[in-house]
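So the chains spell out like this:
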Amino acid sequence: MHPIPGASLTLISPDALTPYSGMIPGLIAGHYAFKDCHIDLMKLCRWAGAQFVSGQIQAMDLQTKQVVCDQHPPVHYDLLSINTGSQPALHQIHGATEYGHPVKPIKNFIQGWQSWLESDRNSLRPQRVVVIGGGAAGIEILLAMHYKISRRYPKRSDFTLVCADRQILSTHNQQARNFFDRYLQSSGITVIRGKRVIAIDRQQLLLDDQTALHYDFAAWCIHATAPPWLKESGIQCDKKGFVLVDQYLRSISHPEIFTSGDAASFTPAPLPKAGIYAVRQGPILAKNIAALIKNQPLSPYKPQRRYLSLLTTGDRYAVASWGSFFVQGKWVWHWKNWIDRSFMARYQSSLPDNNT
């Protein structure tokens, strides 16, 4: 860390422990403990000499340059960096904000899943689990839950994947899609393709062809939308509510505001909502914030054309795809495990308990 003289840093987050999404399927499956895949933000802030504010952001006042939180007085800013991520777009599905479990916020999903597991412990009938969304998150969450339930209650589970597209994993190569098509079939998981969920109540999902699916646990892993307070603030956003940014990750309407990760809509070229982009944007974001404070030139963010995707199958097995490249095996899972644990070590064991 190289603090900038005269600059103070504040981090606002609703949780003191933030999850690393890449390890969440492993947490659900039982391969990781809670502490393995969560970063202690208060410890990180102490190390960085930053103030930590615990609160859920409710609004952003662009005129007075304040961020309004639910459990803290408004926080004033001169420069602001937004990385609030995304959430499943549930507002167009009747009942979806009341029923089912959105995969984000991750904390709420994990709590809902673990609570349901406890309540299901004494059930004697097969439990019906439905995952809505055929992208990478939907596939990994589905298979992680399937692994956990199947080991606990053999022959007492019924899993269904509802995919709005005709094919799963539409952004991955054909070999990856073929592998997971076969894997889902061999696991006895029903896949419903080319149909959308239009409504949900306490007991069933309704598809756009009027088919009704009964469920005991439903997980929302559909396409992403932005937190509503972003667009409501008046900052310029795209149609889904994500902040429009230039090549420097800076708002095109408010140059004192940077936005990165899923919350950003990169105007030079559309980018998938994938965590690898947020990770790669981090160093450029930090460099540009410091440069703006020092009145120095900003550096453009140059996204990679392709990115490595590592997807797990519930057990300790994974596949890797990059462009047309594809491999699979237990060794891929161990490779991913090493990558994930190495990443987390930078924010856990490598940090001192207090400033040095």
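None of these values were measured; they are calculated from a predicted model. (Residues numbered from 1 in each chain as written. Predicted model: local features only at pLDDT ≥ 70, side-chain atom pairs only at ≥ 80, totals over all residues. Heavy atoms only, no water.)

Asks: Would you take a moment to explain the overall build of the protein chain for this structure?
Replies: Helices and strands together make up the secondary structure of the protein chain, namely eight helices and 24 strands. The C-alpha radius of gyration computed for the protein chain amounts to 21 Å, which stays within 12% of the reference 21 Å derived for 356 residues, consistent with globular compactness. Of all 356 residues assigned to the protein chain, the portion counted as buried reaches 46%. The long-range fraction of contacts in the protein chain, counting pairs at least 24 apart against all pairs at least 6 apart in sequence, stands at 59%. Averaging the locations of the 37 positively and 25 negatively charged side chains of the protein chain gives two centres separated by 8 Å. (Helix = DSSP H or I, 4+ residues; strand = E, 2+ residues; numbered from the N terminus. Rg over C-alpha atoms; globule rule 2.2 N^0.38 Å. Buried < 20%, exposed > 50% of the residue type's maximum accessible area, 1.4 Å probe, protein only. Contact = heavy atoms within 4.5 Å. Lys, Arg positive; Asp, Glu negative; His and termini not counted. Charge placed at Lys NZ, Arg CZ, Asp CG, Glu CD.)

Asks: Teacher, can you tell me more about the sheet that holds strand β23 (residues 315-322) here?
Replies: Think of a sheet as strands paired side by side through backbone hydrogen bonds, with each pair either parallel or antiparallel. One open sheet accounts for three strands, arranged β22-β23-β24; its pairing is antiparallel. Lying at the two open borders of the sheet, with one neighbouring strand each, are β22 (309-313) and β24 (325-329). Going across the sheet, the axis of each strand differs from the next one's by a mean of 20°, ignoring polarity. As paired elements, β23 and β24 share five bridges and run antiparallel to each other. (Pairing = 2+ DSSP bridges. Axes fitted to C-alpha atoms, helices over the stretch in contact; angles between N-to-C directions.)

Asks: Honestly, the nonpolar core in this entry has me stumped. Any pointers?
Replies: Where a protein is soluble and globular, its nonpolar side chains tend to be buried together. Membership of the largest hydrophobic core comes to 54 residues, with the highest contact counts inside it found for Ile28, Met145 and Phe180. Considering each element in turn, this core owes the most residues, eight residues, to helix α4 (residues 136-152). Discounting residues that sit within four places of it in the chain, Ile28 has contacts with Phe109, Ile110, Trp113, Ile141, Ala144, Met145 and Lys148. One finds Leu62, Val67, Cys69 and Trp229 within the second-largest nonpolar core, a separate group that totals 28 residues. (Core = buried A, V, L, I, M, F, W, Y, C linked by side-chain atoms within 4.5 Å.)

Asks: Hey, could you run me through helix α8 (residues 330-345) in this one?
Replies: Since there are 3.6 residues in each turn of an α-helix, residues three or four apart along the chain are aligned in direction. Compared with an ideal rise of 1.5 Å per residue, which puts 16 residues at 22 Å, α8 spans 22 Å between its outermost C-alpha atoms and is within 8% of the ideal. Within α8, burial applies to Val332, Trp333, Lys336, Asn337, Asp340, Phe343 and Met344. Taken down its axis, α8 places every buried residue within 140° of arc, on the same side. Check the buried side of α8 and you find it contacts β3 (38-40), α4, β22, β23 and β24. (Expected span 1.5 Å × (residues − 1). Arc of directions from axis to C-beta.)

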